[in-house]
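# Inside the fold
So you can see what is in the structure, the chains are spelled out below.
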Amino acid sequence: MEKINTILEFNKTCVSYTQQTMAVKYVTAQIEKNSITSIMGPSGCGKSTLLRAVNLMHKLYPNIRVEGEILLNGENILSMNPIEVRRNIGMVFQRPTPFPTMSIKENILSGFTLNSIRLDKYQKEEIVEQTLKSVSLWEEVKDVLNKKGTFLSGGQQQRLCIARALALKPQILLMDEPTSALDPIATKHIEDLLIELQKDVTILIVTHNMGQAKRISKHSMFMYLGEMVEYDLTENMFTNPKDERTKAYLTGQMG
Amino acid sequence: MKSNLNIKQRFFKDRSIFVIVCVFSLLSSIPLIAILGEVFVKGISQFSLSFFTLPTPTAYKVLKAVEQGLPIPGGIANGIIGSMIMLLIASAVAIPLGILCGAYIADNSKQRFAKFVSYLTDLLQGTPSVIIGIITYIWIVIPMKTYSALAGSIALCIMMLPLIIRSTEETLRILPSSLKEAGLALGANKAKLMLKVQLPSAFGGIFTGILLAISRVIGETAPLMFTALGCSFIRLSLDKPISAVPLLIWEFFNDPYQQELIWGASLFLLTFVLTLNLLSKYLTRKWKK
Ligand SMILES: Nc1ncnc2c1ncn2[C@@H]1O[C@H](COP(=O)(O)OP(=O)(O)OP(=O)(O)O)[C@@H](O)[C@H]1O
Ligand SMILES: [Mg+2]
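The present account deals with the structure reproduced in this document. Since the model is a prediction, treat every value here as computed from it, not as a measurement. (Residues numbered from 1 in each chain as written. Chains lettered and ligands numbered in written order. Predicted model: local features only at pLDDT ≥ 70, side-chain atom pairs only at ≥ 80, totals over all residues. Heavy atoms only, no water.)

Okay, the overall build of chain B next. Scanning chain B from terminus to terminus reveals 13 helices and zero strands. Order of helices (α) and strands (β) in chain B, N terminus to C terminus: α-α-α-α-α-α-α-α-α-α-α-α-α. Taking the principal axes of its C-alpha atoms as reference, chain B extends roughly 75 × 70 × 30 Å. Considering chain B as a whole, with its 289 residues, one finds that 42% of them fall into the buried category. Excluding contacts between residues fewer than 6 apart, the proportion of contacts in chain B whose partners are at least 24 apart in sequence is 74%. (Helix = DSSP H or I, 4+ residues; strand = E, 2+ residues; numbered from the N terminus. Buried < 20%, exposed > 50% of the residue type's maximum accessible area, 1.4 Å probe, protein only. Contact = heavy atoms within 4.5 Å.)

In this model, the second largest pocket occupies a volume close to 730 Å³. Taken together, 28 residues line the second largest pocket, and the ones lying closest to its centre are Leu60(A), Tyr61(A), Ala106(B), Asp107(B) and Lys180(B). Elements with a contribution of two residues or more to the lining of the second largest pocket: α2 (82-88) of chain A together with α4 (77-107), α7 (149-173), α8 (177-185) and α9 (190-201) of chain B. (1 Å grid on protein atoms, 1.4 Å probe; cavity = no way out; pocket = protein on both sides within 12 Å on 5 of 7 lines; lining within 4 Å. Points joined across faces, edges and corners; volume = space filled by probe spheres on them.)

Here we take up the site of ligand 1. Residue and element names in this part refer to chain A. Around ligand 1 lies a shell formed by Tyr17, Ala23, Ser43, Gly44, Cys45, Gly46, Lys47, Ser48, Thr49, Glu177 and His208. Between ligand 1 and the protein, one listed contact pairs an oxygen atom with a side-chain N or O atom of Ser43 at 2.5 Å. Partitioned by chemical class, the residues of the shell around ligand 1 number three nonpolar, six polar and two charged. (Near = heavy atom within 4 Å. Polar contact = N/O pair within 3.5 Å; in protein donor to acceptor, adjacent residues only side chain to side chain. Nonpolar A, V, L, I, M, F, W, Y, C, P; charged D, E, K, R; others polar.)

What follows deals with the interface of chain A and chain B. Every contact between the two is made by 26 residues of chain A and, on the other side, 18 residues of chain B. Both sides together, the interface formed by chain A and chain B hides about 1,800 Å², and carbon and sulfur atoms give 70% of it. When the buried surface of chain A facing chain B is broken down by residue, Arg86(A), Phe99(A) and Leu114(A) rank first, second and third, together holding 30% of it. In this assembly, chain A and chain B are joined by one salt bridge. The salt bridge partner of Glu181(B) is Arg52(A), with a shortest N-O separation of 2.9 Å. Taken together, the links from chain A to chain B amount to four residue pairs in polar contact (both at pLDDT 80 or more). Put simply, the parts of the chain that give the side of chain A that touches chain B at least two residues each are α2, β6 (89-92), α3 (104-114) and α6 (154-166) of chain A. With four residues, the single largest contributor to the side of chain A that touches chain B is α3(A). A class-by-class count of the residues in the side of chain A that touches chain B yields 14 nonpolar, eight polar and four charged. (Buried area = accessible area lost by both parts, 1.4 Å probe. Salt bridge = Lys/Arg side-chain N within 4 Å of Asp/Glu carboxyl O.)

Any two side chains of opposite charge can pair, so long as their charged atoms come close to each other. Applying the stated rule across the entire model yields 19 salt bridges over all chains. Between Glu139(A) and Lys142(A) there is a salt bridge; the shortest N-O distance is 2.9 Å. On the basis of relative accessibility, which here comes to 35%, the residue Lys142(A) falls in the partly exposed class. A salt bridge links Arg166(B) to Glu169(B), with the nearest nitrogen and oxygen atoms 3.1 Å apart. On the criterion of helical spacing, the pair formed by Arg166(B) and Glu169(B) is a turn pair, its members being three residues apart in helix α7. Connected through salt bridges with shared partners, the residues Asp122(B), Arg166(B), Glu169(B) and Arg173(B) form a single ionic network.

The next point concerns helix α1 (residues 47-54) of chain A. The buried count for α1(A) comes to seven of eight residues, which makes it a mostly enclosed element. Looking at the residues trailing α1(A), positive phi occurs at Leu56(A), about 60°.

We now examine empty space enclosed by the protein. All chains considered together, the criterion is met by two cavities of 30 Å³ or more. Approximately 60 Å³ is the volume found for the largest cavity. Around the largest cavity, the lining residues are Met91(A), Val92(A), Phe93(A), Thr97(A), Cys161(A), Arg164(A), Ala165(A), Ala182(B), Ala185(B) and Leu186(B). Within the residue set of the lining of the largest cavity, elements represented by two or more residues are β6 and α6 of chain A together with α8 of chain B. With three residues, the single largest contributor to the lining of the largest cavity is α6(A). Here the lining of the largest cavity is built from residues that sort into eight nonpolar, one polar and one charged. Taken as a whole, the second largest cavity holds about 40 Å³ of empty space. In this structure, the second largest cavity is lined by Ser83(B), Met86(B), Leu156(B), Val217(B), Ile218(B), Leu224(B), Ala244(B) and Pro246(B). Of the residues belonging to the lining of the second largest cavity, the class tally is seven nonpolar, one polar and no charged.

Attention shifts here to the side chain of His58(A). Take His58(A): it is sitting in the loop between α1 and β4 (65-72). With sequence-adjacent residues up to four places away left out, His58(A) is seen in contact with Arg52(A), Ala53(A), Ile64(A), Val66(A) and Leu78(A).

For α4(B), with 31 residues, the first-to-last C-alpha span of 44 Å sits near the 45 Å given by 1.5 Å per residue. Maximum bend of α4(B): about 25°, positioned at Ser91(B). (Expected span 1.5 Å × (residues − 1). Bend = angle between axes of the 7 residues up to and from the residue.)

Turning to the environment of Glu129(A), a few remarks are in order. Residues and elements named next belong to chain A. Inspection of the secondary structure assignment puts Glu129 in helix α4 (residues 121-134). We classify Glu129 as partly exposed; its relative accessible area is 29%. Along the backbone, Glu129 and Leu145 are 16 residues apart, and their C-alpha atoms lie at a distance of 9.9 Å.

Moving on, we get to the packing of α4(B) against helix α5 (residues 112-126) of chain B. All names here are of chain B. The N-to-C vectors of α4 and α5 enclose an angle of 130°; their axes lie 9 Å apart at closest approach. Viewed along their axes, α4 and α5 adopt a mutual orientation that is oblique. At the point where α4 passes α5, the crossing takes the left-handed sense. Of α5, the residues touching α4 (which contributes Cys101, Tyr104 and Ile105) are Phe113, Ala114, Val117, Ser118 and Thr121. Across the contact of α4 with α5, the residue classes break down as six nonpolar, two polar and no charged. (Axes fitted to C-alpha atoms, helices over the stretch in contact; angles between N-to-C directions. Parallel < 35°, antiparallel > 145°, perpendicular 65-115°, else oblique. Left-handed = near helix turned anticlockwise from the far one by under 90°.)

If you trace the backbone, Arg159(A) turns up in helix α6. Leave out the neighbours within four places in its chain, and Arg159(A) touches Val135(A), Ser136(A), Leu137(A), Glu140(A), His189(A), Ile190(A) and Leu193(A).

Dropping the structure here:
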């Protein structure tokens, strides 16, 4: 593969839920800074498991073991403090998860509240406006900032969640099928948004939608049964897959 | 036309089962309606301003009224104030402590100590109230050498604790795990997450639990007999015996001349408990939305 400016690096990363089996097996890959990288593969191949290991979500569940290394700017995050890691690596989930008791404004600022970072009124207003603009939600919600986030539509809620993650200015944004619960128009909105955002943040996205991977990502990873089968420029992978399994998946003959 | 007959038969079966169910539910609600009706009819005639503002009558006044053939003077103000004071103190301790405990158990359900605390909560919830009264008597009343409002509050507090712990724990447990993960993904630590995300989201369920705990202990008589004892005038001090509405009912029952007052006091208690129950039902429905 060509020389890239690496921000995140998997080095023989393995994840297992049980003693006998591995859900992710020896993944080694370098993720390019300020670009979008998508992870594809049939259901159950370990995409979510790999993604969640990157912001140490597995530490919530004592039965999950992660081996190998995951390096953020050369430093192994597996031995770093989870709170520090998560502040640098944001995550957006499949279903929108605005905090139900918080208003739109409080949701945007929740990253600061939850990290006990004090802001004055002026800073708060600026952050709320800027982040909402960056996810192009500002025009839609600027008059209802004090309403609950759960009143928004699914697509708006998801953009709110992206904004909430971006407010903390993370280096990397992890997204696990962020558009699978949305209609095509809301999906298009978010895709445009991600393309726009990649100049500020590196995006690692799990997607079931091959079209989406093709439209937005520079690199693509194809996983099968926990293994990384192929990792290449998206263009190369779609026009000329090297592995039979990738080919089968891309041509719709698998999962 | 066999199938047609079949449908008629099924219809008939359906109707008869419906009627049977109705009859039985009516039968089982008869005692409840009878109790409510009797308490209401007998009690409402006693409701007046003085019933809520005057303390219980002294034996002398009762005798005099009986001699002159007048209605018994006085009310249950000492009991209402006593009940409220003890409820307030008990809640002030049981609510924060119970929520803290419930949050701890819900958050660390795999830890040994949390399991132990959870088990204790079950035990405490199943402990008869009279035993809690006796224990409080031994722990508080004997060392203080006096019955007191404080001892009564402690007994009520012990009774409220397991109810609040359980409702907090259960409400926290049914919150979607996505909420927790979303908070942690933003870099929250456990304590902040609990305080800013989980507890506020569980507020409805916890509040309902608190209301139910209050309505549960407000009518308790046994634990107060060993601790608060009773007092025939309005008193605000915490280190002296104090009255409570359920204690008054018991006292009225034991005085042939005052038995009338039972009904007013009972109606007051019933109304209080019913209101809390309805309120909690209403709030649960509102927060579910
Ligand atoms: N909590 C868990 N406990 C045990 N095994 C699990 C758990 N979560 C996932 N697995 C297993 O790990 C493997 C990978 O699951 P994962 O959720 O990462 O798949 P995925 O690629 O994200 O699939 P999907 O596209 O359906 O989301 C699967 O075989 C699954 O059965
Ligand atoms: Mg998944």
